[in-house]
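Understanding the architecture of this molecule
If you want the building blocks of each chain, they are given just below.
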Amino acid sequence: MENCIFCSILAHDIPSHKVYEDDKVYAFLDITQVTPGHTLVIPKKHVSDIFEYDETLAADVFSRIPKIARALEASFPEMEGLNIINNNKEIAYQSVFHSHIHLIPRYGKEDDFAIHFGNHMENYRAEDLATLAAKIKAQVKSE
Ligand code: 5GP
Ligand code: ZN
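Residues numbered from 1 in each chain as written. Chains lettered and ligands numbered in written order. Predicted model: local features only at pLDDT ≥ 70, side-chain atom pairs only at ≥ 80, totals over all residues. Heavy atoms only, no water.

By the naming in an unreviewed UniProt entry, the chain is HIT family protein, taken from Enterococcus camelliae.

Structure (structure tokens):
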């Protein structure tokens, strides 16, 4: 797709540091290196975000992630963990609109990556959760 940074990387119009490639998927170092080894995994097919994946594309992309995760683990013995992040839409911090999965190695609490999970469990009774779950369940489509 025109004017897509990651399509330009796939076309080798913009250089990148590849860590893995096959016919469906490309993985390369994120330019910002939030932590050392910060890697992006992208489908070669341009899709904007998770809402545009079908099951086949999802299988193609997500099935590659464990082996790339293990490659990071093997490369960085000091790595203590790994965050796998996929931002969808601007509100959710997506800034490049060619879908991508961040693999962010973790080296300790002061490694310059943070994520905040609010806890609002006191606002939800079991019946509130049941209503929410039923609402979502009714929208899950078979593909
Ligand atoms: P998002 O904010 O959309 O979840 O993540 C986009 C990521 O793409 C950012 O972490 C940013 O550093 C990375 N990025 C943006 N432009 C380039 C580029 O030209 N090359 C590389 N390697 N990464 C990029
Ligand atoms: Zn693209």
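Right, let's talk about the pairing of strand 1 (residues 18–21) for a bit. When a strand is regular, its side chains alternate between the sheet's two faces. As defined by bridge partners, strand 1 adjoins strand 2 (residues 25–29) across three bridges and the pair is classed as antiparallel. Bridging across to strand 2, Tyr20 finds its partner in Ala27. Taking the residues between adjacent antiparallel strands as the criterion, strand 1 and strand 2 are bridged by three residues. (Pairing = 2+ DSSP bridges. Helix = DSSP H or I, 4+ residues; strand = E, 2+ residues; numbered from the N terminus.)

Looking now at the coordination of the zinc ion (ligand 2). Protein ligation of the zinc ion (ligand 2) involves Cys4 (SG), Cys7 (SG), His46 (ND1) and His98 (ND1), the donor distances falling in the range 2.1 to 2.2 Å. Read N to C, the donor residues that coordinate the zinc ion (ligand 2) are spaced as C-x2-C-x38-H-x51-H. With Cys7 in helix 1 (residues 5–10) and His98 in the loop between strand 4 (81–85) and strand 5 (101–106), the pair connects residues that are 91 residues apart, well separated along the chain. When its relative accessible area of 0% is taken as the criterion, His98 is described as buried. (Donors = N, O, S within 2.8 Å, 3.2 Å for Na, K, Ca; no water. Buried < 20%, exposed > 50% of the residue type's maximum accessible area, 1.4 Å probe, protein only.)

A contiguous nonpolar surface patch, about 280 Å² in accessible area, is contributed by Tyr124, Leu129 and Leu132. On the secondary structure map, Leu129 appears in helix 3 (residues 126–137). (Patch = residues over 30% accessible without salt bridge, like charges linked within 9 Å, V, L, I, M, F, W, Y side chains within 5 Å. Areas by Shrake-Rupley, 256 points an atom, 1.4 Å probe, with all protein chains shown as cover. Salt bridge = Lys/Arg side-chain N within 4 Å of Asp/Glu carboxyl O.)

A word on the side chain of Ser99. By the secondary structure assignment, Ser99 is in the loop between strand 4 and strand 5. Beyond its immediate sequence surroundings of up to four residues, Ser99 is in contact with Val41, Ile42, Pro43, Val47, Ser48, Asp49, Ile50, Tyr53 and Asn86. (Contact = heavy atoms within 4.5 Å.)

With that settled, the discussion passes to the sheet that holds strand 2. Hydrogen bonds between backbone atoms are what pair the strands of a sheet, whose relative direction is either parallel or antiparallel. Strand order in the open sheet made by the five strands is 1-2-3-5-4, with antiparallel pairing throughout. Edge positions in the open sheet fall to strand 1 and strand 4, since each of these has one partner strand only. Strand-to-strand twist across the sheet, computed as the mean angle between neighbouring axes with direction ignored, equals 20°. Set on the sheet, helix 2 (residues 55–75) makes contact with strand 1, strand 2, strand 3 (39–43), strand 4 and strand 5; between it and strand 5 the angle comes to about 20°. (Axes fitted to C-alpha atoms, helices over the stretch in contact; angles between N-to-C directions.)

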